[in-house]
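Examination of the molecular architecture
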Amino acid sequence: MSEQLLVVKKLVKRFGGLTAVDHASFEVAPGRILGVIGPNGSGKTTLFANVSGFLTPDEGQVIFDGHDITGRRPSEICSLGIARTFQIVQPFAGLSVFENVVTGALRGGRTGLNEARDKAADVVRLCGLSPVADQLAGALPIAGRKRLEVARAIATQPQLLLLDEVMAGLRPTEVDQAVELIFAIRQGGVTVILVEHLMRAVMALCEELLVLQQGQLIARGEPRTVCDLPEVVRAYFGETAAHAAAQELKNA
Amino acid sequence: MKHVTNKNFFSDWANWQVVVALGFVLVCGVGGSFVDSDYLLQIMVLAAIYAAIGTAWSIAGGLSGLLLLGYISFFGAGAYLDGLLFTKAGINPWLCIVLSFFSAALLAWLISMLTLRFGLTEDYFAMFTVALSQVFKYILLNWDYAGGATGIYLTVVKDDFWTLSFIDRKPYLYIALVMLAAVILTNYAVQKSRLGYYLAAVRENDQAAEALGINVRKVKTQSMILSGGIAGSIGAFYTQFATFIDPKQVFSLATNFEMLLGPVLGGRLSIIGPVFGASFLKPTQDFLRGWMGGEADAVYLILYGAVLAVGILFLPYGAAHYVQRWHRKRYATSAQSGTGNDKGDLTGARK
């Protein structure tokens with residue numbers, strides 16, 4: 001167990017009568033790219049929010065790199081090495097792209113200003129944001145904002161990066177660039193968990209998939225296999241399709 | 001390469017501003033030395049005090065984006081602490097200015113703990129701070145030891161730098177201007193430091209700031225402590241200068257909003273905004289008062305409302321925003337750094 005970077009144990013989050021995350025348990029080994037998929041409202045973003053500290057779980061535990069981080073402040077969790085992006089991008093609109101990244105690179109005070117600027121310049125280049133570095137973040141088109149969201153997160157030099165639908169709304173060529181970028185980030189030694197609807201990207205990137213449905217983990221495993229599982233097909237397409245898929249699987 | 005290494009010192013917006021603001025302070029000092037009218041000097045000192053207060057406010061109320069509407073609590077607390085320590089205990093006024101900084105900073109810390117811990121933000125935070133300033137006013141109005149409604153009188157008998165007492169008004173102007181310069185430099189240092197980045201991040205989007213490892217509550221509290229502490233020191237100086245304070249004056253809501261008008265209309269994210277804002281508005285008000293008598297206060301209050309509303313609607317970043325646009329255009333060609341950015345203090349990044 002000590003090999004694992006992140007361990008989530010029986011995590012429960014309720015909103016009134018709705019259980020958004022229902023006893024979810026999983027773990028991630030360092031250096032992996034793990035995908036989390038599931039229909040809309042299945043609790044993917046809530047799961048991220050619980051891990052990154054923006055929500056406090058009602059039950060269960062989140063252990064990161066040996067530390068119990070359940071219910072800690074988001075800034076503290078970031079300092080320990082988990083960075084996240086937001087599904088709805090949250091740039092510092094009034095600051096330039098470069099300043100946005102510098103803010104991340106300061107790592108909550110663990111890096112000096114000059115060093116942070118150097119680091120930010122590297123990250124800006126890696127993320128292909130150099131041409132717009134001086135522009136106001138608020139003026140960027142959506143693809144640029146998504147990339148800025150990733151740039152700011154990796155500028156904090158995390159061990160674990162949580163990407164929440166960073167490819168939604170991108171054009172196919174932009175998706176390819178994003179996939180390349182994520183591979184590059186992993187190459188740098190960062191473990192990645194990504195929530196994504198775009199199956200093309202998920203299939204290309206992930207070594208392992210988690211499938212959530214109504215807050216419960218219904219499947220886990222190698223992407224191809226997981227996608228063929230009847231319960232996964234049922235979650236997305238309903239009973240009839242699941243039945244057909246099961247038949248097909250039996251015949252094969 | 002996009003970022004140019006070798007850039008003119010003045011192409012940085014913050015650098016440009018601090019030089020202009022300090023230059024203006026110097027001009028006022030030199031100009032003031034030729035002024036003989038006590039009335040004019042009085043107005044100049046008050047303008048310098050308002051400019052310093054406005055600048056100090058802009059650290060919390062501007063940079064960190066807190067809706068710190070009831071700012072006069074810190075000024076009043078400093079003023080009263082000085083009055084009490086000086087008259088009751090005979091403590092040296094210079095020491096009082098320092099002590100007032102710490103006690104007002106402590107008050108700011110307490111207010112931050114109370115409001116931020118219980119999640120009071122935006123309008124609730126604003127209302128809380130305004131209400132609190134009035135609570136202080138009524139406590140002091142009913143506190144006989146502190147002079148109650150009559151307030152506190154300081155008697156000045158001789159010129160003495162050590163006890164901060166002068167028959168003439170001119171030394172007060174010099175001291176006020178030195179204080180103003182110190183506050184301007186503090187604001188500049190904050191904007192150029194890491195804290196400046198955190199404040200900008202918190203102001204723009206506190207959730208994203210928190211996700212990047214910035215402790216939002218801590219950063220807001222720091223800005224409050226600094227901003228409140230400075231206001232306390234200025235309050236203490238005000239007591240020494242005015243030689244008379246009462247609760248209705250140093251905790252007055254009208255004065256409170258007058259103090260905020262400079263930074264709000266001048267530009268609360270800028271360095272020059274609060275300085276020039278107050279330097280223009282305060283004398284205007286005083287001249288109006290001299291010209292129209294008591295009526296001016298009523299008229300001015302109506303004008304305040306109108307000017308504030310119009311200013312906030314049409315000048316959300318204050319007049320300094322237009323200066324900044326000019327500045328960006330002026331230096332964009334020489335620096336070749338594209339569009340530049342709103343704060344401008346980072347475009348000179350290396351590589």
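Residues numbered from 1 in each chain as written. Chains lettered and ligands numbered in written order. Predicted model: local features only at pLDDT ≥ 70, side-chain atom pairs only at ≥ 80, totals over all residues.

Focus on the overall build of chain A
Helix and strand counts for chain A come out as ten helices and ten strands. On C-alpha atoms alone, chain A measures out to a radius of gyration of 19 Å, which is about the 18 Å that the 2.2 N^0.38 rule sets for 252 residues. Overall, chain A is about 60 × 40 × 35 Å in size when its C-alpha atoms are taken along their principal axes. Out of the 252 residues in chain A, the part that is buried amounts to 50%. At a minimum sequence separation of 6, the contacts of chain A that also span at least 24 residues come to 62%. (Helix = DSSP H or I, 4+ residues; strand = E, 2+ residues; numbered from the N terminus. Rg over C-alpha atoms; globule rule 2.2 N^0.38 Å. Buried ≥ 20, exposed ≤ 12 C-beta atoms within 10 Å, placed from the backbone. Contact = placed C-beta atoms within 7 Å.)

Observations regarding the sheet that holds strand E8 (residues 191-195) of chain A
Residues and elements named next belong to chain A. Strand order in this open sheet of six strands is E6-E7-E8-E3-E9-E10, and the pairing throughout is mixed. Each edge of the sheet is formed by a strand with only one pairing partner; in this case those strands are strand E6 (82-84) and strand E10 (216-221). Here the average twist between neighbouring strands, direction ignored, is 20°. Pairing of strand E3 (residues 33-37) with strand E9 (residues 208-213), which is carried by four bridges, proceeds in the parallel orientation. Within E9, the position partnered with glycine 35 by the bridge is leucine 209. (Pairing = 2+ DSSP bridges. Axes fitted to C-alpha atoms, helices over the stretch in contact; angles between N-to-C directions.)

With respect to the packing of helix H2 (residues 38-63) of chain B against helix H11 (residues 253-266) of chain B
All names here are of chain B. Orientation of H2 relative to H11, taken along the N-to-C sense of each, is 70°, at an axis distance of 8 Å. What the angle tells us is that H2 and H11 run roughly perpendicular. The way H2 lies across H11 gives a crossing that is right-handed. The segment H2 lies against H11, with Tyr50, Ala51, Ile53, Gly54, Trp57, Ser58, Gly61 and Gly62 engaging Met259, Leu260, Gly262 and Pro263. Along the lines of polarity and charge, the residues of the contact of H2 with H11 split into seven nonpolar, five polar and no charged. (Parallel < 35°, antiparallel > 145°, perpendicular 65-115°, else oblique. Left-handed = near helix turned anticlockwise from the far one by under 90°. Nonpolar A, V, L, I, M, F, W, Y, C, P; charged D, E, K, R; others polar.)

Description of helix H1 (residues 44-52) of chain A
Where burial is concerned, most of H1(A) is hidden: eight out of the nine residues are buried. The first or second residue beyond H1(A) is A:Gly53, which carries a positive phi of 95°.

Looking at the confidence of the model for chain B
Predicted coordinates in areas of low pLDDT are best not read in detail. Residues and elements named next belong to chain B. Residues at a pLDDT of 70 or more form 92% of chain B, whose mean pLDDT is 87. Throughout residues 1-6 the model reports pLDDT below 50, and contacts reaching past four residues in sequence, or to other chains, amount to 13 contacts. Low pLDDT, under 50, characterises residues 334-351; the stretch is placed with 60 contacts to residues that sit more than four places away or in other chains. Across the assembled chains, the prediction reports ipTM 0.88 with pTM 0.88. (pLDDT = per-residue confidence, 0-100.)

Some remarks on the domain arrangement of chain A
Residues and elements named next belong to chain A. What the domain assignment lists for chain A is domain 1 (6-221) and domain 2 (227-252). Each of domain 1 and domain 2 has a C-alpha centre, and these two points are 31 Å apart. When contributions to the side of domain 1 that touches domain 2 are tallied by element, the ones reaching two or more residues are E9 and E10. Per-class residue counts for the side of domain 1 that touches domain 2 are four nonpolar, two polar and no charged. (Domains from an automatic or database assignment.)

Quick look at the sheet that holds strand E2 (residues 18-28) of chain A
Residue and element names in this part refer to chain A. Judged by pairing direction, the sheet is antiparallel, and its four strands sit side by side in the order E2-E1-E4-E5 without closing on themselves. With one partner strand each, in any of the chains shown, E2 and strand E5 (67-68) form the two edges of the open sheet. As paired strands, strand E4 (residues 59-64) and E5 are joined by two bridges and run antiparallel to one another. Pairing of phenylalanine 64 across the sheet is with histidine 67, part of E5. Against the sheet, H1 contacts strand E1 (6-15), E2 and E4, and its axis sits at roughly 65° relative to E2.

What to know about the environment of A:Ala143
Residues and elements named next belong to chain A. Following the sequence through the fold, alanine 143 ends up in helix H5 (residues 142-155). With 17 C-beta atoms packed within 10 Å, alanine 143 lands in the partly exposed category. Sequence separation of alanine 143 and lysine 13 is 130 residues, and the distance between their C-alpha atoms is 31 Å. Contacts of alanine 143, omitting those with residues within four sequence positions, involve Leu170 and Glu174.

Some thoughts on helix H3 (residues 72-89) of chain B
Residue and element names in this part refer to chain B. With 18 residues, H3 extends 25 Å between its outermost C-alpha atoms, agreeing within 8% with the 26 Å of an ideal straight helix rising 1.5 Å per residue. In terms of burial, H3 is a largely internal element, 14 of the 18 residues being buried. Positive backbone phi, approximately 65°, marks glycine 90, located one or two places after H3. (Expected span 1.5 Å × (residues − 1).)

Observations regarding the nonpolar core
Within soluble globular proteins, side chains that are nonpolar generally end up buried alongside one another. Grouped together as the largest cluster of nonpolar side chains are 177 residues, with contacts concentrated most on A:Val124, B:Ala48, B:Ala176, B:Leu180 and B:Ile234. The element that contributes the greatest number of residues to this core is H2(B), accounting for 15 residues. Residues from two domains meet in this core; each of domain 1 (6-221) and domain 2 (227-252) of chain A gives at least three. Discounting residues that sit within four places of it in the chain, B:Ala176 has contacts with B:Val45, B:Ala48, B:Ile49 and B:Phe237. (Core = buried A, V, L, I, M, F, W, Y, C linked by C-beta atoms within 7 Å.)

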